Structures are given as C-alpha cells and as structure tokens.
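Next come the chains, spelled out residue by residue.
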Amino acid sequence: MNILQINSSIFSNGGQSSGLADEFVARLRAQNPGSRLTVRDLAADPVPHLDAARFGAFLAKPEERTPAQQAVVNYSDALVEELKRADIVVLGLPLYNFGLPSTLKAYFDHVGRAGVTFKYTEKGPIGLLTGKKVYVFAARGGFYAGTPGDTQTPYIRAFLSFVGMSDIEFIYAEGLSVSEASKQQGIAKARAEGYRLADAERDAALAAA
Ligand SMILES: Cc1cc2nc3c(=O)[nH]c(=O)nc-3n(C[C@H](O)[C@H](O)[C@H](O)COP(=O)(O)O)c2cc1C
C-alpha cells in the first residue's frame, strides 16, 4: 500500500489538520506493515503559483519546449507521478478565510493538467487518477460542515473527482477557535472518526486478501 500524505497547514506538521492526518496515517501503517509513506508538506516545500509562463510550458509541444519550460513540466510531472503511485491519499486541509490554503491551490494548479490527469472526450471530461481512496482531515475554527457556509468541501470534492479521485471521505475537526473545550472535543471526534476509517480500511484489505 502506497500512502501519500499532503499537509497544507501553514504550520507544517504543527497544524491541527496535519496532526490528525499523522495520527490516521500512523494507525493505517501499524495495520499495514508493508505500506510505504510519502509526505508532501506544502508549507515547507511550496509549489510556485501558476503564472502564464508556467502554464505556457504545459501547453508547449514537447519538441518545442525551451529548457526552462521543460523544467516546469518535469516538476509538474513529478507531482503527478507521486499522486499516481499512491493507493491512498491523506490530505490535511485547514480552512483559511473561507477557502483552501493558497499553497494547496498552487499544488492543484500543477496537477490539474489536460491530457495528463484528465482528458476531454465527446462524453465530457474524464479523470485519469483513478483507483485511489482519499481521506481529507478538515480543520476549522468555526462550524460549517453540512451547511451552505461550507464552500470548501464541494470545491475539494469537485477538483479531486475531476482528476479521477471520487472516492473521498471527509473528516471534520470543527469549532477549534471557539473555546479550549470545543477545540479538544472537535479534535477528539475527528481522531476517533479517523481511527474508525483506518480500521475499516484494514478490514476491507483483509476481506479482499
Ligand atoms: C489565516 C487564517 C484564516 C482562518 N480563517 C478561518 C475561517 O475562515 N473560518 C474558520 O472557521 N476558521 C478559520 N481559521 C481557523 C483555522 O481553520 C483553524 O485554526 C484550523 O486549525 C486551521 O488548520 P491547521 O491548524 O491545520 O492550520 C483561520 C486561521 C488562520 C490562521
């Protein structure tokens, strides 16, 4: 089992979303001793913003790419390869100013590539990063899950599904800025939910073996 953990908190592994993702991954790995883990920390190792030059590199014909354009494509290809190798993707997802961290958007802008991670067909777009399970640990100061105020969940679901990753579990740690008690409660609930899902993952693997 290949696990790719993507942390997008500005606090790297000090973020609540990263901590919950860590605990989930530790449980998953304890139950799957042969598993391999790759951690991508978008705060420590940020993906550049997409600009016209970088997007131009994606569009340039392979034989016409300049060395600089080739370097941009190689960088993006490596991010895509890392995703392709993963059976399980674990995403630490903070809510910042009603949206996703800008580092994660920059990452999405480098892995959402026509002809590489999705393609247009006569029947509409098809995602190419299939066969993966995604677990999203969403940390929020307030409470939004299940309400129209949660614009983050549909966006994340839409993007991941568009590139082929439609099997997604969202685990919410909410109310983290309300009070210390609320924070502890929110984290404990998300941790327990993560452990339950890790155990279900193990049971499914055992059943399939
Ligand atoms: C810059 C910034 C913006 C934030 N904006 C929101 C927000 O719009 N809504 C909310 O509920 N919480 C907001 N929060 C609180 C975070 O969602 C909360 O601290 C959460 O733990 C962040 O995840 P992290 O600890 O993994 O970084 C914000 C926090 C920061 C630092």
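Residues numbered from 1 in each chain as written. Predicted model: local features only at pLDDT ≥ 70, side-chain atom pairs only at ≥ 80, totals over all residues. Heavy atoms only, no water.

Asks: Looking at this model, I keep getting lost on empty space enclosed by the protein. Mind explaining?
Replies: A water-sized probe rolled over the atoms picks out the places where empty space is left. Enumeration over the complete set of coordinates arrives at two cavities of 30 Å³ or more. If you trace the largest cavity, you find it lined by I6, L83, V89, L91, Y107, F108, V111, V134, F159, L160, V163 and M165. Secondary structure elements with two or more residues in the lining of the largest cavity: β3 (88–94), α4 (102–111) and α5 (152–162). Residue contributions to the lining of the largest cavity peak at three residues, all from α4. A per-class count over the lining of the largest cavity returns twelve nonpolar, no polar and no charged. (1 Å grid on protein atoms, 1.4 Å probe; cavity = no way out; pocket = protein on both sides within 12 Å on 5 of 7 lines; lining within 4 Å. Points joined across faces, edges and corners; volume = space filled by probe spheres on them. Helix = DSSP H or I, 4+ residues; strand = E, 2+ residues; numbered from the N terminus. Nonpolar A, V, L, I, M, F, W, Y, C, P; charged D, E, K, R; others polar.)

Asks: Even after reading the chapter, I still don't get the site of the ligand, so can you show me in this structure?
Replies: The environment of the ligand is formed by 17 residues, the closest being S9, S17, L95, Y96 and G142. Within the backbone of N97, an N or O atom sits 2.8 Å from a nitrogen atom of the ligand. The contact in question runs from an oxygen atom of the ligand to an N or O atom on the side chain of Y144, over 3.0 Å. Considering only residue class, the shell around the ligand consists of eight nonpolar, eight polar and one charged. (Near = heavy atom within 4 Å. Polar contact = N/O pair within 3.5 Å; in protein donor to acceptor, adjacent residues only side chain to side chain.)

Asks: Teacher, can you tell me more about the packing of helix α2 (residues 52–59) against helix α3 (residues 67–85) here?
Replies: Between two packed helices, the angle of one axis relative to the other and the distance separating the axes together describe the packing. Two elements in contact, α2 and α3, have axes separated by 8 Å at closest approach and are oriented at 80 degrees. It follows from the interaxial angle that α2 and α3 lie roughly perpendicular. Of the residues in α3, those touching α2 at R54, G56, A57 and F58 are Q69, V72, V73, Y75 and S76. By residue class, the composition of the contact of α2 with α3 is five nonpolar, three polar and one charged. (Axes fitted to C-alpha atoms, helices over the stretch in contact; angles between N-to-C directions. Parallel < 35°, antiparallel > 145°, perpendicular 65-115°, else oblique. Contact = heavy atoms within 4.5 Å.)

Asks: Please explain the sheet that holds strand β7 (residues 167–173) as it appears in this structure.
Replies: Two orientations exist for strands paired in a sheet by backbone hydrogen bonds: parallel and antiparallel. Across the sheet, which stays open at both edges, the five strands sit in the order β2-β1-β3-β6-β7 with parallel pairing between neighbours. Here the strands that pair on one side only, and so sit at the sheet edges, are β2 (36–41) and β7. Each adjacent strand pair in this sheet contributes to an overall mean axis angle of 15 degrees, direction not counted. Relative to β3, strand β1 (residues 2–7) runs parallel, the two sharing five bridges. Note on β3: the bridge partner recorded for I3 is I88. Against the sheet, helix α6 (residues 180–208) contacts β3, β6 (133–139) and β7, and its axis sits at roughly 155 degrees relative to β7. (Pairing = 2+ DSSP bridges.)

Asks: Help me understand the pairing of β3, please; the structure alone is not making it clear to me.
Replies: Each regular strand carries side chains that alternate between the two faces of the sheet. Burial analysis of β3 places seven of its seven residues in the buried class, the great majority of the element. Residues I88, V90, G92 and P94 point to one face of β3 and V89, L91 and L93 to the other, with burial holding for every one of them. (Buried < 20%, exposed > 50% of the residue type's maximum accessible area, 1.4 Å probe, protein only.)

Asks: Explanation requested: the packing of aromatic side chains in the structure shown.
Replies: Any aromatic ring pair is given by two values, namely how distant the centres are and how the planes are angled relative to each other. Enumeration over the complete set of coordinates arrives at ten aromatic pairs. Between F55 and F58, the aromatic rings sit 6.4 Å apart at their centres with planes inclined by 85 degrees, giving edge-to-face as the arrangement. With F55 and F58 both in helix α2 and three residues apart, this pair spans about one turn of that helix. The exposure class of F55 is partly exposed, given its relative accessible area of 42%. Aromatic rings pair up to connect Y107, F108, Y155 and F159 into one cluster. (Phe/Tyr/Trp six-rings, centres within 6.5 Å; stacked < 30°, edge-to-face > 60°.)

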